Amino acid sequence: AQTVTQSQPEMSVQEAETVTLSCTYDTSESDYYLFWYKQPPSRQMILVIRQEAYKQQNATENRFSVNFQKAAKSFSLKISDSQLGDAAMYFCAYREISGTYKYIFGTGTRLKVLA
Amino acid sequence: GAGVSQSPRYKVAKRGQDVALRCDPISGHVSLFWYQQALGQGPEFLTYFQNEAQLDKSGLPSDRFFAERPEGSVSTLKIQRTQQEDSAVYLCASSLMSATSYEQYFGPGTRLTVT
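Residues numbered from 1 in each chain as written. Chains lettered and ligands numbered in written order. Predicted model: local features only at pLDDT ≥ 70, side-chain atom pairs only at ≥ 80, totals over all residues. Heavy atoms only, no water.

A separate point is the nonpolar core. Ranked by internal contacts, the top residues of the largest apolar core, which has 26 residues, are Tyr25, Trp36, Phe75, Leu77 and Tyr90 of chain A. In terms of residue count, strand E10 (residues 88-96) of chain A provides more of this core than any other element does, four residues in total. Residues Val4, Val19, Phe49 and Cys92 of chain B belong to the second largest nonpolar core, which totals 20 residues. (Core = buried A, V, L, I, M, F, W, Y, C linked by side-chain atoms within 4.5 Å. Buried < 20%, exposed > 50% of the residue type's maximum accessible area, 1.4 Å probe, protein only. Helix = DSSP H or I, 4+ residues; strand = E, 2+ residues; numbered from the N terminus.)

This is the structure:
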């Protein structure tokens, strides 16, 4: 069965600095999708960035980028120029290409942004 | 509507009561998912619908949990004879599931507290 591991329960970053959140996963599939979602206190999960496993190029979305290492099964999220509004829980998620399409989530990393 | 909506946002039930949680997906989204998120944890998959067909209910924790989506749009998650361990946030997500759009869009969740 696939698993997703986020080993950092909590991270802190100074405003305007850069922070990297870690995620590792386990799967025997060769094709799949990976996601980072942000969950602020309002509880609404918001998609931050997505990565298709068949693409070697790392995804970027403005200040957010990923370091996708397929062989190492690692999918870290880098947030540049951190802002106070980035403070939230961040979840890494895995989804198969076919089948149920359900997400498998990690346990999350709470990001604090210090002014 | 513009996003996934869920009602009620908060529900307090006495142990043994039945509850019904509603999800209105984004119009046109064929896929609908329910997740359970315990305090401090990542969401865990409960069940999946494609239109009105429930294709996967492997995550439902017991036969007290029942979900339906009779017309392929609104979905209801019903929990019978609630127990304290049912206390959690219940998230609904919908997805278009096209070749280019496969991410899930989440609602704000329903926080269920069983006393």
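Take the side chain of Gln104 of chain B next. In this fold, Gln104 of chain B is placed in the loop between strand E9 (88-95) and strand E10 (105-106). Residues in contact with Gln104 of chain B, not counting those within four places in the same chain, are Tyr37, Tyr101, Lys102 and Tyr103 of chain A together with Phe33, Tyr35, Ala93, Ser94 and Ser95 of chain B. (Contact = heavy atoms within 4.5 Å.)

Here we come to the state of the cysteines. Simply put, disulfide is the name for a covalent bond between the sulfur atoms of two cysteines. Summed over the entire model, instances satisfying the criterion amount to two disulfides over all chains. For Cys23 of chain A, the disulfide goes to Cys92 of chain A, at an S-S distance of 2.0 Å. Since a negative S-S torsion denotes a left-handed disulfide, the Cys23 of chain A-Cys92 of chain A link at about -70 degrees is left-handed. Taken together, the residues span a long stretch of sequence, with Cys23 of chain A in the loop between strand E3 (19-21) and strand E4 (24-26) and Cys92 of chain A in strand E10 at a distance of 69 residues. Each of the two residues, Cys23 of chain A as well as Cys92 of chain A, counts as buried. With its sulfur 1.8 Å from that of its partner, Cys23 of chain B forms a disulfide with Cys92 of chain B. Between Cys23 of chain B and Cys92 of chain B the sulfur-sulfur dihedral comes to about -65 degrees; the bridge is accordingly left-handed. Of this pair, Cys23 of chain B sits in strand E3 (residues 19-24) while Cys92 of chain B sits in strand E9, placing them 69 residues apart in sequence. Each member of the pair, Cys23 of chain B together with Cys92 of chain B, is buried. (Disulfide = S-S within 2.5 Å.)

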